[in-house]
Amino acid sequence: FGKMHVSGRIFEESRRHRNDGFDVYEWCMEAMLSMDSPLNGYAPWLKERNPEFYRRLKTEGRRLLHHPRELHLTHWAAERAIDYIRSAPKDRPFFCKMSVFDPHNPYEDYPLEMLEFVDEKRIPGPVARCEGERRPQGILMERNHSYLGGFDKFNREDFRRMRLGYFASIALFDLEVGRVLQALEESGHAENTLVIMTSDHGDILGDQELLVKGAFFYDPSVKIPLILRWPGRIPAGKRTGELAQIHDLAATALAAAGFPTEQITRWMPEAMDLVPVAAGGSGHRHAVCCYRNSGINDQGVAWDPPIHCTMFRDDRFKLNVYHGEQFGELYDMREDPQELNNLWE
């Protein structure tokens, strides 16, 4: 239920990806996108609930701010996940994916009442770089021409609003996830269900003189949240500094559903079941992140010349290589968690 992004949006709005694997498929990339797609699950739900808001969203798009909670895309995704959980079979495994768009730019579609849950005084301002510091050309291209615009177009107040909206969107997500977990409890599935909360990327929100996401590997962008909940199998409240990667979730879900370890190892030898890691075991020795000219610039097109870069991370150091350049980044993440002292030279 919600965002699926395994191929291009225009392709996805007209037909299912042949390998997506879902029996129930209610797609919505973003609240105001592809509203006429036959696969869109949110738009017809919204039209039935509130025709006037549906019309305004279709007409105004991203200019329509502060969506009411009861009509918000995040609320819809939770509603559909709850309905699915309530009807899920109790005698065999099920897999349900609730995938929401927010927190994401534009940052001000959150319901206004979410501000009650955010202490704005505790939201830090952007982490700054040293003026005139040498940086890889790929990062300078992102700084000056990100798809949200050049960094210098924005001021302190812009970043304050961005960050406030980001946290307000997380507050809404938190409340809606609470409803889903309550439905698991009420349906009798909670003790036998692994719940995973994660994201596909973060948002740098002005840190390092950068915006949104892109050809860079600073922690606000790549160190995403990962929470696992399985009563009786994973200790509640336990935190680990072990390294994990998104592709581990496939192995984790299959293992939870009872697939033999040897089959999972054969199918995905670089993926790891994270339940033993969350319970105190060892994770990966290193993590890798690749960017292969896979974003766009402020002209809405791919970078030219292209940007290709790769991150290697172990338990202490992070190395960012910009292919074709003679300069990159190396950070000691223990001594320099804000990634301000580049040791490349």
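Our structure is the block above this text.
The rules behind these values
- Residues numbered from 1 in each chain as written.
- Predicted model: local features only at pLDDT ≥ 70, side-chain atom pairs only at ≥ 80, totals over all residues.
- Heavy atoms only, no water.
- Helix = DSSP H or I, 4+ residues; strand = E, 2+ residues; numbered from the N terminus.
- Rg over C-alpha atoms; globule rule 2.2 N^0.38 Å.
- Buried < 20%, exposed > 50% of the residue type's maximum accessible area, 1.4 Å probe, protein only.
- Contact = heavy atoms within 4.5 Å.
- Areas by Shrake-Rupley, 256 points an atom, 1.4 Å probe, with all protein chains shown as cover.
- Lys, Arg positive; Asp, Glu negative; His and termini not counted.
- Charge placed at Lys NZ, Arg CZ, Asp CG, Glu CD.
- Phe/Tyr/Trp six-rings, centres within 6.5 Å; stacked < 30°, edge-to-face > 60°.
- Lys NZ or Arg CZ within 6 Å of the ring centre and 35° of its normal.
- Axes fitted to C-alpha atoms, helices over the stretch in contact; angles between N-to-C directions.
- Parallel < 35°, antiparallel > 145°, perpendicular 65-115°, else oblique.
- Nonpolar A, V, L, I, M, F, W, Y, C, P; charged D, E, K, R; others polar.
- Salt bridge = Lys/Arg side-chain N within 4 Å of Asp/Glu carboxyl O.
- Pairing = 2+ DSSP bridges.
- Core = buried A, V, L, I, M, F, W, Y, C linked by side-chain atoms within 4.5 Å.

1. A short note on the overall build of the protein
The number of helices and strands found in the protein is 10 helices and 6 strands. Taken over C-alpha atoms, the radius of gyration comes to 21 Å for the protein, in line with the 20 Å a tight globule of 345 residues would show. The C-alpha extent of the protein, read off along each of the three principal axes, is 60 × 55 × 40 Å. Within the protein, the proportion of its 345 residues that are buried is 43%. Once local pairs closer than 6 in sequence are excluded, the contacts in the protein between residues at least 24 apart make up 63%. Total accessible area on the protein is roughly 18900 Å²; 51% of this is exposed by carbon and sulfur atoms. Looking at the protein, you have 43 positive and 53 negative side-chain charges, and the mean spots of the two groups are 2 Å apart.

2. Description of the packing of aromatic side chains
Applying the stated criterion to the full structure yields 12 aromatic pairs. When the ring of tyrosine 84 is compared with that of phenylalanine 94, the centres are 5.9 Å apart and the planes differ by 70°; the resulting orientation is edge-to-face. Placement of tyrosine 84 in helix H4 (residues 73-87) and of phenylalanine 94 in the loop between H4 and helix H5 (137-145) is noted, with a sequence separation of 10 residues between them. Aromatic rings pair up to connect Phe1, Tyr84 and Phe94 into one cluster. The ring of tyrosine 25 has arginine 16 lying over it, and the distance from NZ or CZ to the ring centre is 4.7 Å. Note that arginine 233 overlies the ring of tryptophan 230, its terminal NZ or CZ placed 4.2 Å from the centroid.

3. Overview of the side chain of serine 34
Along the chain, the position of serine 34 falls in the loop between helix H1 (9-12) and helix H2 (42-49). Taking relative accessible area as the criterion, serine 34 reaches 12% and is therefore assigned buried. Sequence-distant contacts of serine 34, that is, excluding residues within four places in its chain, are made with Arg9, Glu13, Trp27 and Asn40.

4. Some points on the packing of H4 against helix H6 (residues 156-187)
Orientation of H4 relative to H6, taken along the N-to-C sense of each, is 10°, at an axis distance of 9 Å. Accordingly, the angle class assigned to the pair H4 and H6 is roughly parallel. Of the residues in H6, those in contact with Thr74, His75, Ala78, Glu79, Ala81, Ile82, Ile85 and Arg86 of H4 are Leu172, Phe173, Glu176, Arg179, Val180, Ala183, Leu184, Glu186 and Ser187. Grouping the amino acids of the contact of H4 with H6 by side-chain chemistry returns 9 nonpolar, 3 polar and 5 charged.

5. Quick look at the pattern of salt bridges
As enumerated under the stated definition, the model contains 27 salt bridges in all. Note that arginine 62 is salt-bridged to glutamate 30, the shortest N-O span being 2.8 Å. Residue arginine 62 is found in the loop between helix H3 (51-60) and H4, and its partner glutamate 30 is found in the loop between H1 and H2; the two are separated by 32 residues along the sequence. We classify glutamate 30 as buried; its relative accessible area is 7%.

6. Quick notes on the sheet that holds strand S5 (residues 317-322)
What links the strands of a sheet is backbone hydrogen bonding, and the strands pair in either a parallel or an antiparallel sense. What the 4 strands build is an open sheet, ordered S3-S4-S5-S6; its pairing is antiparallel. Two strands lie at the open edges of the sheet, namely strand S3 (287-292) and strand S6 (329-332), each paired on one side alone. Here the average twist between neighbouring strands, direction ignored, is 10°. Judged from the 4 bridges that link them, S5 and S6 form a sheet pairing that is antiparallel. In the strand pairing of S6, leucine 319 is matched with leucine 330.

7. Focus: the nonpolar core
Counting residues in hydrophobic clusters, the biggest one holds 18 residues, and the most contacted among them are Tyr42, Leu46, Phe53, Leu57, Leu73 and Trp76. Contributing elements (two or more residues each) for this core: H2, H3 and H4. Looking at this core element by element, the count peaks at 4 residues for H2. If sequence neighbours within four positions are ignored, leucine 57 has contacts with Ala31, Met32, Met35, Tyr42, Leu46, Leu64 and His67. Listed in part, the 16 residues of the second largest apolar core include Tyr291, Ile307, Tyr322 and Tyr331.

8. Description of the packing of H2 against H3
Running from N to C, H2 and H3 cross one another at 135°; their axes reach a closest spacing of 5 Å. As summarised for this structure, H2 and H3 are arranged oblique, according to the angle between their axes. Packed against H2, whose contacting residues are Tyr42, Ala43, Leu46, Lys47, Glu48 and Arg49, the element H3 presents Pro51, Phe53, Tyr54 and Leu57 at the interface. Residue composition of the contact of H2 with H3, grouped by class: 7 nonpolar, no polar and 3 charged.

9. Overview of unusual backbone geometry
Residues other than glycine predominantly adopt negative phi, and peptide bonds predominantly adopt the trans conformation. Going from aspartate 102 to proline 103, the amide bond is cis rather than trans, its omega being 5°. On the secondary structure map, proline 103 appears in the loop between H4 and H5. The omega angle of the peptide bond from aspartate 304 to proline 305 is 5°, so this bond is cis rather than trans. Here proline 305 lies in the loop between S3 and strand S4 (308-313). Backbone geometry places leucine 205, a non-glycine residue, at a positive phi of 50°.

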